[in-house]
Amino acid sequence: MGTYIVNTNTKEVHKTAKVESRCRIEEIKPYHRIDTDNAQPYFAQGYNGCKWCYPEKNTG
């Protein structure tokens, strides 16, 4: 597991160090999930931080 979990369906990035039950990452389909140690490329593509586990990168 990487430092971040990227959901390509919802375009959200989750922090694995602070995942909360409201994130529901266990429901992310394997074909929509990317485990990575570098989230910056996804933010550059317009992805949003999860409002529960990555609020500092959540834009609403």
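Whatever comes next refers back to the structure up there.
Given the structure is predicted, the values throughout are model-derived calculations rather than measurements. (Residues numbered from 1 in each chain as written. Predicted model: local features only at pLDDT ≥ 70, side-chain atom pairs only at ≥ 80, totals over all residues. Heavy atoms only, no water.)

A. Expanded view of the overall build of the chain. The secondary structure content of the chain amounts to one helix and four strands. Its helices and strands taken in sequence order, the chain reads β-β-β-α-β from the N to the C terminus. For the chain, whose C-alpha radius of gyration is 10 Å, the value lies close to the compact-globule estimate of 10 Å for 60 residues. Its C-alpha atoms give the chain principal-axis dimensions of about 25 × 20 × 20 Å. Buried residues in the chain amount to 33% of all 60 residues. Of the roughly 3,900 Å² that the chain leaves accessible, carbon and sulfur atoms contribute 47%. (Helix = DSSP H or I, 4+ residues; strand = E, 2+ residues; numbered from the N terminus. Rg over C-alpha atoms; globule rule 2.2 N^0.38 Å. Buried < 20%, exposed > 50% of the residue type's maximum accessible area, 1.4 Å probe, protein only. Areas by Shrake-Rupley, 256 points an atom, 1.4 Å probe, with all protein chains shown as cover.)

B. Examining the pairing of strand 2 (residues 12–15) more closely. Where strand 1 (residues 4–7) lies against strand 2, four bridges are found, and the strand directions are antiparallel. Along strand 2, the bridge assignment pairs Val6 with Val13. In this antiparallel pair of consecutive strands, strand 1 and strand 2, the connection spans four residues, and Lys11 shows a positive phi of 60°. Sheet topology note: the strand 2/strand 4 (residues 48–49) ladder contains two bridges and is parallel. From the neighbouring strand, Val13 faces strand 4, where its bridge partner is Gly49. (Pairing = 2+ DSSP bridges.)

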